[in-house]
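Listed below, chain by chain, are the residues.
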Amino acid sequence: MQDLVERICKNALFEGMELQEIETLVGCLRPVQRTYRKNEVIWQEGDHVHTVGLVVEGKVLILRDDFWGNRSILGEAAAGGLFGESYACAPGQPVTVSVLAAEDCTVVFLEIAQALAVCGQACSFHLRMIQNLMQILAQKNLMLSRKIDHISRRSTREKLLAFLSYHAQEQGSATFDIPFNRQELADYLSVDRSALSQELGRMKRDGLVEFTRSHFTLLSSEI
């Protein structure tokens with residue numbers, strides 16, 4: 001248990017807690033640790049889940065495929081990230097997304113619903129976890145709002161500029177890394193990969209960006 005606690009204690013869910021408090025709390029959350037290979041499905045759309053996933057190693061993608069197999073990436077969770085909070089807090093609701101291992105990863109599943117009701121001792125760290133969970137949910141809502149802002153732009157170039165501008169501002173530098181490869185970025189922005197690659201090439205020729213794989217530098221504010 002102590003080894004597990006040390007691996008997850010820096011997660012935002014346990015912000016502001018002492019190691020001993022986290023160990024006590026985790027004991028109530030019935031943790032289960034599992035490993036997945038790259039491209040393995042962790043949750044399938046339509047599944048019923050009652051846990052929240054905490055990524056210990058690797059990265060997962062939260063996505064949705066339509067009837068024709070067109071994929072849209074709604075978000076990602078790298079090491080230290082969470083997924084499935086909304087479904088864990090609303091048991092009985094089928095999952096409307098799929099979760100896929102973007103690379104080999106380790107995930108710890110926690111029965112978060114066990115901690116939503118304050119215990120009889122009204123432990124301060126229990127209340128703190130609930131506050132942390134609410135903050136995480138709020139941040140996820142903001143993330144989805146940003147995605148809507150990115151994909152609502154009319155052209156592929158406008159979508160790319162909105163996305164890249166956000167990451168430059170978030171990282172405080174004109175040079176930054178994005179969390180997606182080309183196919184993942186195309187799925188996130190809901191555009192064709194070939195069209196995305198062609199537009200990036202045009203943006204590079206126009207002197208707007210320089211890039212190598214997922215490493216970008218913005219060169220101009222002019223569109």
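Computed from a predicted structure; not experimentally measured.

**Some points on the sheet that holds strand E3 (residues 52-57)**
Strand order in the open sheet made by the 4 strands is E1-E8-E3-E6, with antiparallel pairing throughout. What marks the edges here is a single partner per strand, and that holds for strand E1 (32-36) and strand E6 (82-83). Note that E3 and strand E8 (residues 105-110) share 5 bridges and pair antiparallel. Each bridged residue has a counterpart across the sheet, and for Val-52 the counterpart in E8 is Leu-110.

**Some details on the packing of aromatic side chains**
Each aromatic ring pair is described using two quantities: the centre-to-centre distance and the angle formed by the ring planes. All told, the structure shown has 8 aromatic pairs when counted by the stated rule. Between Trp-43 and Phe-83, the ring centres sit 5.1 Å apart and the planes meet at 75 degrees, which makes this aromatic pair edge-to-face. A residue pair is termed long-range when its members are at least 10 positions apart, and Trp-43 in strand E2 (residues 41-43) and Phe-83 in strand E6 qualify at 40 residues. Side by side, Trp-43 and Phe-83 carry an identical accessibility label, which is buried.

**Looking at the nonpolar core**
One finds Phe-163, Leu-164, Leu-185, Leu-189 and Leu-196 to be the most contacted residues of the largest nonpolar core, which totals 25 residues. Breaking this core down by element, the ones donating at least two residues are strand E4 (59-65), helix H5 (156-171), helix H6 (182-189), helix H7 (193-205) and strand E10 (209-212). Tallying contributions element by element places H5 first for this core, with 5 residues. For Leu-189, the residues in contact, after removing those within four places along its chain, are His-150, Ile-151, Lys-159, Leu-160, Phe-163 and Leu-196. Within the second largest apolar cluster, 23 residues are counted, among which are Phe-14, Ile-22, Val-56 and Ile-112.

**Description of the pattern of salt bridges**
As enumerated under the stated definition, the model contains 11 salt bridges in all. Ionic pairing is found between Glu-57 and Arg-7, a salt bridge with its closest N-O pair at 2.8 Å. You can see Glu-57 sitting in strand E3 and its partner Arg-7 sitting in helix H1 (residues 2-8), a full 50 residues away along the chain. On the basis of relative accessibility, which here comes to 41%, the residue Glu-57 falls in the partly exposed class. Among the charged side chains, a salt-bridge network with shared partners connects Arg-157, Glu-199, Arg-202 and Asp-206.

**Thoughts on the layout of surface pockets**
Of the voids in this model, the largest pocket is the one considered here, and its volume is about 550 Å³. Lining the largest pocket are 23 residues, with Glu-76, Lys-140, Met-143, Arg-146 and Glu-170 sitting closest to its centre. When contributions to the lining of the largest pocket are tallied by element, the ones reaching two or more residues are strand E5 (71-78), helix H4 (124-151) and H5. With 6 residues, the single largest contributor to the lining of the largest pocket is H4. For the lining of the largest pocket, the per-class residue count stands at 11 nonpolar, 7 polar and 5 charged. Reported here for the second largest pocket is a volume of approximately 390 Å³. For the second largest pocket, the lining is made up of 20 residues, of which Ile-62, Glu-85, Ser-86, Lys-140 and Leu-144 are closest to its centre. At the level of secondary structure, the elements contributing two or more residues to the lining of the second largest pocket comprise E4, E5, E6, helix H3 (85-89) and H4.

**Thoughts on the packing of H4 against H5**
Across the interface, H4 lies against H5 with an axial gap of 7 Å and an inter-helix angle of 145 degrees. Packed against H4, whose contacting residues are Arg-146, His-150 and Ile-151, the element H5 presents Lys-159, Ala-162, Phe-163 and Tyr-166 at the interface. For the contact of H4 with H5, the class distribution of residues is 4 nonpolar, 1 polar and 2 charged.

**Looking at H5**
Compared with the 22 Å implied by 1.5 Å per residue over 16 residues, the 23 Å span of H5 between its first and last C-alpha is a close match. Those residues of H5 that sit buried are Arg-157, Lys-159, Leu-160, Leu-161, Ala-162, Phe-163, Leu-164, Tyr-166, His-167 and Ala-168. Residues of H5 that are buried make contact with H4, strand E9 (175-177), H6, H7, E10 and strand E11 (215-218). At the C-terminal side of H5, Gly-172 shows a positive phi close to 65 degrees.

Cut-offs and rules
Residues numbered from 1 in each chain as written. Predicted model: local features only at pLDDT ≥ 70, side-chain atom pairs only at ≥ 80, totals over all residues. Heavy atoms only, no water. Pairing = 2+ DSSP bridges. Helix = DSSP H or I, 4+ residues; strand = E, 2+ residues; numbered from the N terminus. Phe/Tyr/Trp six-rings, centres within 6.5 Å; stacked < 30°, edge-to-face > 60°. Buried < 20%, exposed > 50% of the residue type's maximum accessible area, 1.4 Å probe, protein only. Core = buried A, V, L, I, M, F, W, Y, C linked by side-chain atoms within 4.5 Å. Contact = heavy atoms within 4.5 Å. Salt bridge = Lys/Arg side-chain N within 4 Å of Asp/Glu carboxyl O. 1 Å grid on protein atoms, 1.4 Å probe; cavity = no way out; pocket = protein on both sides within 12 Å on 5 of 7 lines; lining within 4 Å. Points joined across faces, edges and corners; volume = space filled by probe spheres on them. Nonpolar A, V, L, I, M, F, W, Y, C, P; charged D, E, K, R; others polar. Axes fitted to C-alpha atoms, helices over the stretch in contact; angles between N-to-C directions. Expected span 1.5 Å × (residues − 1).

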